[in-house]
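A look at the structure
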Amino acid sequence: TMQSSGHRFRDVEHHPLLADNDSYDDSSSSSEADMAERVWFIRDGCGMVCAIMTWLLVVYADFVVTFVMLLPSKDFWYSVINGVLFNCLAVLALSSHLRTMLTDPGAVPKGNATKEYMDNLQLKPGEVIYKCPKCCSIKPERAHHCSICKRCIRKMDHHCPWVNNCVGEKNQRFFVLFTMYIALISAHALVLCGFQFFSCVRGQWTECSDFSPPVTVILMIFLCLEGFLFLTFTAVMFGTQIHSICNDETEIERLKSEKPTWERRLRWEGMKSVFGGQPSLLWINPFAGFRIRRLLLRGKKGGPEFSV
């Protein structure tokens, strides 16, 4: 511990006292404003491979559902209704994935633990604040350092390689939507596979698909395995996330059995805090709050800048 400008400054990793909603003076540091102008993307090899695999698996499922099962079907309305439904869910799932991956999860500005920045916090003499020794930033309450993102993340739940990003304060909503829509399309694909197998066994295999029977069977078996694994994983993750939101507790806090130093929100208040406002269709809309014009303006100002 050392004295600095009348308040104590500690290099510790956990249990900070600075609250999440404490307001900083943005004029004291340009890093906060600069972050708003950047395109958030984590350059992690494993995460990028997992993210690409996620997209390829969804595209594969869409290919099998559309071209192997629905288009060859003789029932026009069965094909149209299920095709539109499945593709809409796939678009919503991939959009949620993109927004989770490209949204700043709540990163604390690097290197803001300076004398000038602390002076602007207007702390009382003797008040204790905490600094992360890894990224040299003042660490808010409930923030944790991610070794992959190399940043302290506000209300960090976990780092997910499948979205190549941390799940934190600002993108948890999109991650929840991603798990929900993936679970829905997985369940839908499994139901369609069941109907297709029944239809093919009942009729002629050569007539139930434009592909040969062996190829049709192999494609559908892989889709069933993918759908079962994805449904199991994302359904469990979705339930875990909803449970964490309702209890106002992140996965890291639960695993470390951290005693809450904050006032926990009520279950409904926690949901409104994450999803924004009163319940509406906007809660399940991954496009809500997205502004193409704002993104274009950011590109014109300084060009896309990748964070690390």
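Residues numbered from 1 in each chain as written. Predicted model: local features only at pLDDT ≥ 70, side-chain atom pairs only at ≥ 80, totals over all residues. Heavy atoms only, no water.

Looking at an unreviewed UniProt entry, the protein carries the name Palmitoyltransferase, with the source organism given as Chloropsis hardwickii.

Summed over all chains, the structure comprises four salt bridges. Across the salt bridge formed by D248 and K155, the nearest N and O atoms sit 3.9 Å from each other. Of this pair, D248 sits in the loop between α6 (213-247) and α7 (251-255) while K155 sits in the loop between β6 (151-153) and β7 (158-160), and the two are 93 residues apart along the sequence. Residue R254 pairs with E251 through a salt bridge whose shortest N-O separation is 2.5 Å. With a gap of three residues between them, R254 and E251 both fall in helix α7, about one helical turn apart. R254 gets classed as partly exposed once you look at its relative accessible area, which sits at 39%. With relative accessibility at 16%, the residue E251 sits in the buried group. (Salt bridge = Lys/Arg side-chain N within 4 Å of Asp/Glu carboxyl O. Helix = DSSP H or I, 4+ residues; strand = E, 2+ residues; numbered from the N terminus. Buried < 20%, exposed > 50% of the residue type's maximum accessible area, 1.4 Å probe, protein only.)

Before going further, it helps to spend a moment on α6. Taking 1.5 Å as the rise per residue, α6 with 35 residues should run 51 Å; its terminal C-alpha atoms sit 50 Å apart, in good agreement. Backbone geometry just downstream of α6 places D248 in the positive-phi region, at approximately 50°. (Expected span 1.5 Å × (residues − 1).)

All right, on to the UniProt feature "transmembrane region" (unreviewed entry) in the protein then. Mapped onto the present numbering, the UniProt feature "transmembrane region" (unreviewed entry) falls at residues 45-70, 76-94, 174-197 and 217-238. Overall, residues 45-70 shows 100% helix and 0% strand. The separation of its end C-alpha atoms is 36 Å. The distance separating the terminal C-alpha atoms of residues 174-197 is 34 Å; by composition the span is 100% helix and 0% strand. (UniProt positions renumbered as here; feature names shortened; annotations may be inferred.)

Further remarks concern the confidence of the model for the protein. The pLDDT averaged across the protein works out to 80; a share of 77% of its residues lies at or above 70. Least confident of the elements in the protein is strand β1 (residues 2-4), whose mean pLDDT is 36; most confident is helix α3 (residues 76-102), at 96. Considering only residues more than four positions removed or in separate chains, one finds that residues 1-37, a stretch of pLDDT under 50, has 85 contacts. Low confidence marks residues 297-308, where pLDDT is under 50. Its contacts with residues over four positions away, or in another chain, come to 23 contacts. (pLDDT = per-residue confidence, 0-100. Contact = heavy atoms within 4.5 Å.)

With that settled, consider the packing of aromatic side chains. If you walk through the whole model with that rule in mind, you get five aromatic pairs. Taking 5.3 Å as the distance between ring centres and 25° as the angle between the ring planes, the aromatic pair formed by F275 and W283 counts as stacked. Through pairs of rings, three or more aromatic residues link up here, namely F63, F67 and F211. (Phe/Tyr/Trp six-rings, centres within 6.5 Å; stacked < 30°, edge-to-face > 60°.)

All right, on to the side chain of S244 then. Within the secondary structure, S244 sits in helix α6. Residues within four places of S244 in sequence aside, it is in contact with D157, E249 and E251.

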